[in-house]
Amino acid sequence: MTAIPNLIIETLPEFLLHAITLERESVERYEELGDSMEVHNNPQIAAVFRKLARYGELHANEIEQHATGLELPRIPPWDFKWTTPESPETGDMEQLHYLMTQGQALIFALHNETQGRDFYAHVAATSTNQEVRELAAEFAEEETDHMNWLNAWIRNLADPDSVSPEDLDPPNVTE
Amino acid sequence: MHGNTPITGLKPKDYKTGIKPVWCPGCGDFSVLSAVTKALAHLALPHQNVAMISGIGCSSRLPAYTSVYGFHGVHGRALALASGLKAARPDLTVLVAGGDGDGFSIGGNHFLHACRRNMDMTYIVMDNEVYGMTKGQASPTTAPDWTQSKLTPHGPGVPQFIPAAIALVSGATFIARGFTGNPNGLTKLLVEAIEHPGFSFVQALSPCPTYRPEHKAWKKQVRPVEEEATSDPIIAAQRIQTDDGMSTGVLYQTTVPVWQPEQGISADTGQLEEVFFV
Amino acid sequence: MHGNTPITGLKPKDYKTGIKPVWCPGCGDFSVLSAVTKALAHLALPHQNVAMISGIGCSSRLPAYTSVYGFHGVHGRALALASGLKAARPDLTVLVAGGDGDGFSIGGNHFLHACRRNMDMTYIVMDNEVYGMTKGQASPTTAPDWTQSKLTPHGPGVPQFIPAAIALVSGATFIARGFTGNPNGLTKLLVEAIEHPGFSFVQALSPCPTYRPEHKAWKKQVRPVEEEATSDPIIAAQRIQTDDGMSTGVLYQTTVPVWQPEQGISADTGQLEEVFFV
Amino acid sequence: MTNHNTVLTCSTLSVAITGSGGSGVVTTGQMLLKAIANAGYYGLMARSAGPQIRGGESAVMLRLGSEPVDCLDDRFDVLMALDWLNVSRFAEEIPLTASSLIICDPDAGEMPEAIACHGARSLELPLKKLSGAIDGGRINMIALGVLAELLGLPETSILTVVETALAPKGREIVDASRLCISRGYSTEKNAGLEQTLTPVASPAKRWNISGNEASGLGAIRGGVRFVAAYPITPASEILEWLAPSLEKVGGSLLQAEDELASINMIIGGSFGGVPSLTATSGPGLSLMMEGLGLAVTSETPVVVTNVMRGGPSTGIPTKSEQSDLNIALYGFHGDAPHLVLGALNIRDCTFVTDWGVRLAEQFQTVAIILSDQSQGQARSVIDPPPMAPACKGRRTARPDTQEYRRYALTEDGISPMAIPGTSGGAYTADGLEHNEKGTPSSMSLDHQQQLDKRLGKLTGLDPTENWAESRGSGKIAIITWGSSSGAAFEAGRRLEAGGQSARVIAVRLLCPLPGTLMTASLEGVDRILVVEQNHGGQFFHYLRALNLLPDNAEMLARPGPLPIRPGEIMARVSEWS
Amino acid sequence: MTNHNTVLTCSTLSVAITGSGGSGVVTTGQMLLKAIANAGYYGLMARSAGPQIRGGESAVMLRLGSEPVDCLDDRFDVLMALDWLNVSRFAEEIPLTASSLIICDPDAGEMPEAIACHGARSLELPLKKLSGAIDGGRINMIALGVLAELLGLPETSILTVVETALAPKGREIVDASRLCISRGYSTEKNAGLEQTLTPVASPAKRWNISGNEASGLGAIRGGVRFVAAYPITPASEILEWLAPSLEKVGGSLLQAEDELASINMIIGGSFGGVPSLTATSGPGLSLMMEGLGLAVTSETPVVVTNVMRGGPSTGIPTKSEQSDLNIALYGFHGDAPHLVLGALNIRDCTFVTDWGVRLAEQFQTVAIILSDQSQGQARSVIDPPPMAPACKGRRTARPDTQEYRRYALTEDGISPMAIPGTSGGAYTADGLEHNEKGTPSSMSLDHQQQLDKRLGKLTGLDPTENWAESRGSGKIAIITWGSSSGAAFEAGRRLEAGGQSARVIAVRLLCPLPGTLMTASLEGVDRILVVEQNHGGQFFHYLRALNLLPDNAEMLARPGPLPIRPGEIMARVSEWS
Ligand SMILES: Cc1ncc(C[n+]2csc(CCOP(=O)(O)OP(=O)(O)O)c2C)c(N)n1
Ligand SMILES: Cc1ncc(C[n+]2csc(CCOP(=O)(O)OP(=O)(O)O)c2C)c(N)n1
Ligand code: SF4
Ligand code: SF4
Ligand SMILES: [Mg+2]
Ligand SMILES: [Mg+2]
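Here is a short report on the structure shown in this document.

Cut-offs used in this document
Per chain, residue numbering runs from 1 following the sequence as it is written. Here the convention is simple: chains get letters from A, ligands get numbers from 1, in the order in which they are written. Reporting of local features is limited, given that this is a predicted model, to residues whose pLDDT is at least 70; pairs of side-chain atoms are given and counted only at 80 or more, and all residues count toward the totals for whole chains, interfaces and linings. For the side-chain quantities, the full set of heavy atoms in the structure was used; hydrogens and water were omitted. Overlaid copies result from least-squares superposition on C-alpha atoms, with residues included only where pLDDT is at least 70 in both. Here, residues are in contact when the closest pair of their heavy atoms is within 4.5 Å. A single heavy atom is enough: if one lies within 4 Å of a molecule or strand, its residue is considered near that molecule or strand. Here a polar contact means two N or O atoms within 3.5 Å. Within protein one must be a hydrogen donor candidate and the other an acceptor candidate, and residues neighboring in sequence count only if both atoms are side-chain atoms. The Shrake-Rupley method, run with a 1.4 Å probe, gives the accessible areas here. Residue values count only the displayed protein chains as cover. Each helix is a run of H or I in the DSSP string that is no shorter than four residues. Each strand is a run of E no shorter than two, and both are numbered from the N terminus. In this listing, donors mean N, O and S atoms no farther than 2.8 Å from the metal, or 3.2 Å for Na, K and Ca; water is missing from the atoms, so a site can look incomplete. Remark: exposure states derive from per-residue accessible area (1.4 Å probe, protein chains only) relative to the maximum for the residue type, with buried under 20%, exposed over 50%, and partly exposed in between. Throughout, the ten residues Ala, Val, Leu, Ile, Met, Phe, Trp, Tyr, Cys and Pro are labelled nonpolar, Asp, Glu, Lys and Arg are labelled charged, and all others, Gly among them, are labelled polar. In this scheme, strands are said to pair when DSSP sees at least two bridges between them. The convention used is that axes are lines fitted to C-alpha atoms, helices contributing only their stretch in contact, and that angles between N-to-C directions extend from 0 to 180 degrees.

Superposition of the two copies of the chain requires a rotation about an axis and a shift along the axis. Mapping chain E onto chain D leaves a residual RMSD of 0.1 Å; the transformation is a rotation of 180° accompanied by 0.0 Å of translation along its axis. The two molecules are tied by a two-fold rotation axis, judged by turn and shift. Both copies contact each other with a shared surface, as 100% of the interface residues of chain E are interface residues in chain D too.

Set out below in structure tokens:
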């Protein structure tokens, strides 16, 4: 993995802040998507996102454990050293559709986890700090587990590649 | 920073109300909500000292989703309402949000005059080049050849309105363009805009997947502005006019005195009445 | 030239109604009346094929004094009324007249959108940098430090609105500035504006001796533009922004397709009704 | 409970279909309406939806019968629930009784309390499984088959509709849908309706049209050839229909930058001699009032179709209310006589708009035409609407009239209008008070004369035939206007059937309201109920203002969003006996 | 001719001064008013002018007396014509009789027929020559001296006024003017007035103020500290007075780009917790209606002072009319309960604005305050106006209220409003229908509750003391509002003096109009005349709508521009006997 010069994370607190933010933003996004799917009467997908949020929550708590006692830096959102426009596990909003299928939702999540994995792998490969490299590698590993888990879930779906059903209802005006 | 004492430890989520947005999944406006709350958290502004004013449209639903003071006014008049609020309450941080229809069609006059007046507030337009709320008609920023609206079956046929260019000649002192596909970049622009003393205008390219699905392509078209922000209006005009409307970043920034009514008490009502005595 | 058959032998006077203007002696608007009638006579346009639309203000009294069809509408809406007329009656030569308050304050939105729409009409603004009709308040073109209005005792405090600059970024295709101290020059500009296919905007610097007596000095300040009219919006913008608003002549001219609704009959009402039958 | 809820409605059947976004509720409703239309019936279909732009829950509410249907019934015979998601939102819009039939899928989960509480019969069908068994099958098509069978429609009539509607989507989809429909027909049902649609003999030629389309058509019939407008719910469909249609008949539609522009644009168009109209809803109408005053004063005919929604302010944009009567009648500064008309039902949207345009042209003034969301956005199968009386058209000035005076004081108050292009007719129209020539004047005589003229000319309107629809007789009168008329007429019919005769007067020409005709229609009446869908009793107070109501008159004024139903009126009148 | 034109007006003197542009008519009138004020009298001064922006002919019309004067008389005792140029324009505004005295300069040419026709006495004075003989002399100063002497004013009182008024122009001018005045006093007059002003003993403290200034003051008294507005005739003087005055008391005025901006700006200011107002006239009010609906629905208190002019449309901007009552009452789309108040006279402009602001604040709604050109642009010498009742002020939310609900359904319908800056109070104000928290809702229950709340809260208004001014008793009632009140009261006094007792009720609180109080005041009344200055009888029909008038009630509704005069009312009432 090639190092992107200004994206090199040097210290443990900086790394942990990234990791916590990654997970927290991911949780928040999944919750938001859960809300949105509920609002749009797609309870099945809402449940998928809620589940992903729950897992993320656990993961975030775990990472926060690592940070106990450390003073984390304050970094403005735009100065995070992400390799993606937003934090890696927030996904591409425009991929969403209210009629999205379970397969599509899981692929969306898989994309997130992959980006997460890539981020950690990038840190593991490029950080100048040994401790950071090790922890990042560990997290990358965990993300890989998530990917595997998602892949398994996807494989178990009857129709993983399903496309959204055609939207038979015209959009409404609400105001 | 408007004399507010920042409160630390506030997270973006603390600036959300928990009311679930009615927006279509995939709508760019979600990212604007996210960027706004991140910017407020970054600036650590106390909720009670911020007001978010809007008009009518999908995008104008924003205030109800942020946990600061809000006013969801009538179509096209958000800037006027906000200007009155700021004039009467200069201590507040005033944000204004809305759509391209709200801001540039029915609200065009207030846009012109708010830019000129240069009061210290921030105006965020979620530009989706369409009237989302009313089923997808052409807005001023819609391309002349977009034929998907039943009201303009041959396309609106008139050149696109260039918000940054109008803002510039009208006198806005901070002009930026962001993209909802890059919410952190947008957050940065919003923070700068809010910190800017004077009228700051942020055009947020915010796709409407429902009526303008073709705007998925924006992702590939946007790019950061190449040059540093200029404070020279001539240079800024040139850049804005010659670019394709897809470059993001601060396009123009200058500092000129902010308009704010004179304040201070020098008389009571009784003294005012003295002149009437015979 | 709108397909009108010119009638020769008409004199400027033939375009006056004989109603005596209520304007103050010395008002610049007299020269605009004179220039308009000279232009119409020069173009030899038949009275019945010309319409002169205005809003409210001293300047907006113009239609009653010209012997073409006229509409003295409400404050700020002249361009809208004129656009409807032109859309419904493309065969007419449509002129629009008014003041800086009417056109740029209350009417600002229609100005923006009329420029964009580029319908074939001519808009003459008699700019006296004041609301004449209502006793001398600041208008958008009033200088920030003009303190003579009781409503803005410290001066309006906001930068002057630059009509030509706004017209340019909004999409007007002919932009000129004239001065009532040079009525024949103004006549020439009006003739060119009327002949221009598309939206032509003529800012006529028209002093108001009653409320802005200091504008007597304009006579010494105006001068012809130095360069040829450009069709390059970037160059035009640069020139307009850098000059002091006192150069007169054609500032910009370009030719782009004029907006006009499609016309032609392909069905009768009965045919339209067919779709409803079960 | 009184018994008026069930009297005499046996000839219609009411069906609601609900489901969440994407389930195709609206499509299903439209197909069902088409099918019953093909089979010779009449019907009305209203819609309701959640606050989401897309993917929200939605409901269609149909009432079908062998005679024209102008209002929803007090209760539904069938609720077809494609799923239960958020269906409680519609509970109050879809009143059920113990004899209603609820069709649902046992796999969709438990029936929400708001629905279950009525104790209606239920017919459980495995909609999802049935559709799942068909490649490309869809729940809503199964449901359509089920409903059509229960209603007693021949299978072919529904298949034809599906075939035509889906043909553009390709053979596969059509075939899958046909299969679904058939499965819906054939699947075993352990419950049914107490009655089916009574067969119709030789059906007349009928139309399937929405109220907003009907308004658009009325405009074109009346002669409108220029429209400028700004989109607004629930009026936009008028514009959507007009934009391409106008173009075909040589007119045009211009999307304006705002309502201030649109009203002034149509004043411009009409000044140019082209009959002009705009369509809007409450907030837009508010913005147009200054322009409308200009049209009245300058005597430039223009028409505004105002499709009312819940108010005040932004209010409830997607729901109906009759609360813009006040602004339509009184919303002008100064004394500004003009015309206000109200459409009584979807079919009447065409007639009243047509008539309104013609009256505006003849009297050179403003006509405000009130429709509302409940009819504008609903569809109906109707008899083709009648043409409005021709009226006299716009009185124009002949070329080279001697000493032309635009605002000449003529006997009937109408002055010939010179249309640009007319030689010797040049004049300046003005919103300032003026003398006969149009020159501004502040003289009291000119003011009085022009005020008298603008008011007086409207007395030339002969309202005899069309000012109201009136049915029945007796000592009780129900006076109403607009979309409440359907419920009022039905209440009248039911009262009559119950032996209590009543007259129902639905006023179409709201202003100037012909007082003598109204008084004549009320002769011998003991008690009056004024029915309207708003909070303040706007029509009631207007009638009071005109001194047309006896002291004991009462009002049934109830705000939106729920439509006024016949039973409500019955309940109120029955308090009197 | 009936004799009511002369009864009981002997205690006042009416003087008109006319002249062409530059002759100083207005200055003369103002100085005369100041002088009589100094001498302890009361007085009213109205103005009229030609259509020219500058240099047009103008007229001032004064009525002077030892008691407060609230309307012009039926005829003028004196016409001072500085010249005859275009004076006919004012003929109908300055009614003369055979006993009037016309003062004019024989060198000014022949008296125009419109003036001469009354057969008034005339006093010819060589005004021009007299002034020409004085270096820097001016005709109007000569005229002032002449008038002052005829009226019986001590010369010193007029000299003091001239001295103070002209001091800034330098000694020379002052001296020349003093000389002119003295010459006016001393010059020989071969005719005089039948009476002079009756001396007053110890004059009370009085004010010299215009109605528009009085309105501005009322706003500040009521607590207004933010104003946004767009200039318009005849309301601009309110703004001109307020701009510097507000600044002194810690407030501000913002000149907006248009009325759509100004109304929304004050909504913003008020949302921010600062009592806010705008002033406008008919065309501006029309443009504000959408914003006003937002204020009603979002329950944001705002006040609009509407100074009426001749309507409709641009109408007659410089002349008075009471024809904006309809739009003020009914000009909203949807049901939008709010307050409408009318100022009865110049002095009342302060009281009613003060009260209106307080009521708007207490009830968190819109107050429209109607004044008109005839009082707004006129000046009067008055007793200092009383303060309005304090009212309860705006109910605000305490910081960190638990579960704050902006639109909570409270007992009195008023919900505490959180002002930005209040911690824990953040909410979103909305013009969409909403639930108690302010979240948009289209549910019928929320709609009904919020409609009921917005209407119901106004029942908390106790109108007892101030809803109307009412004088006299008897079987005849004259009901009126706004600036017609002065004439109505005077008619009442004259009737009484003629032995025919009448009650006059001038309504200040127009909406919600307290029906029971009105009914009580009308007890025992046989005949009612409703007096107002408009074409349509707007107030009359409003009272009808509220069912407050018996069938035989009549209206005297007459449009502008001429003011309603007592004699007109007398003439109408005398038809009854
Ligand atoms: C006075 C008025 N006119 C029209 C409307 C209808 N309307 C509501 S939102 C809207 C346009 C919204 O477009 P935009 O501002 O671009 O917002 P978006 O929905 O695209 O975010 C319109 C025309 C209205 N509410 N009020
Ligand atoms: C809706 C409305 N608001 C305000 C006015 C009052 N008004 C009449 S003319 C005018 C301003 C005129 O200024 P401008 O257009 O510059 O014309 P000028 O008199 O200077 O030629 C105003 C504010 C009005 N007539 N209508
Ligand atoms: S319609 Fe478009 S703008 Fe509106 S919420 Fe949906 S995606 Fe967003
Ligand atoms: S006031 Fe000014 S603009 Fe108006 S007529 Fe007089 S000089 Fe001209
Ligand atoms: Mg938009
Ligand atoms: Mg001007």
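Taken together, the neighbourhood of ligand 1 is formed by 23 residues, with Cys58, Ser59, Asp100 and Asp102 of chain B together with Glu259 of chain D sitting nearest. Taking Asp102 of chain B, its main chain carries an N or O atom lying 2.7 Å from an oxygen atom of ligand 1. Relative to its unbound accessible surface of 590 Å², ligand 1 loses 99% to contact with the protein. Among the elements that line the shell around ligand 1, the one with the most residues is helix 4 (residues 100-106) of chain B, at 4 residues.

Residues and elements named next belong to chain C. Coordination sphere of the magnesium ion (ligand 6), protein contribution only: Asp100 (OD), Asn128 (OD1) and Val130 (O), at 2.1 Å. Sequence positions of the residues that donate to the magnesium ion (ligand 6) give the spacing D-x27-N-x1-V. Taken as a pair, Asp100 in helix 4 (residues 100-105) and Val130 in the loop between strand 4 (121-127) and helix 6 (163-170) lie far apart in primary sequence, 30 residues in all. Since its relative accessible area comes to 2%, Val130 is described here as buried.

Quick look at the site of ligand 2 now. Around ligand 2 lies a shell of 23 residues, among which Cys58, Ser59, Asp100 and Asp102 of chain C together with Glu259 of chain E are the nearest. Taken together, the residues near ligand 2 originate from chains C, D and E. Here an oxygen atom of ligand 2 sits 2.6 Å away from a polar atom, N or O, in the side chain of Ser59 of chain C. Between Asp100 of chain C and ligand 2, the recorded distance is 2.8 Å, taken from a side-chain N or O atom to an oxygen atom. Considering each element in turn, the shell around ligand 2 owes the most residues, 3 residues, to helix 4 of chain C. When the residues that make up the shell around ligand 2 are grouped by side-chain class, the tally is 11 nonpolar, 8 polar and 4 charged.

Turning to the relation of the copies chain C and chain B, a few remarks are in order. Superposing chain C onto chain B requires a rotation of 180° together with a translation of 0.0 Å along the rotation axis, leaving an RMSD of 0.0 Å. An overlap of 100% is found between the interface residues of chain C and their copies at the interface of chain B, pointing to a shared contact surface.

All names here are of chain D. Pairing within the open sheet is mixed, and its 5 strands lie in the order 16-18-17-20-21. The sheet terminates laterally at strand 16 (468-472) and strand 21 (554-557), the two strands that pair on one side only. Averaged over all neighbouring strand pairs, the angle between strand axes comes to 15°, with direction disregarded. With 5 bridges connecting them, strand 17 (residues 476-481) and strand 20 (residues 527-532) associate as parallel partners. Paired with Ala477 across the two strands is Ile528, which belongs to strand 20. Packed on one face of the sheet, helix 17 (residues 538-545) meets strand 17, strand 18 (502-507), strand 20 and strand 21 and runs near 135° to strand 20. Helix 18 (residues 566-574) contacts strand 17, strand 20 and strand 21 of the sheet and is inclined by roughly 155° relative to strand 21.

Read these as layout, nothing more, since geometry by itself doesn't imply function.
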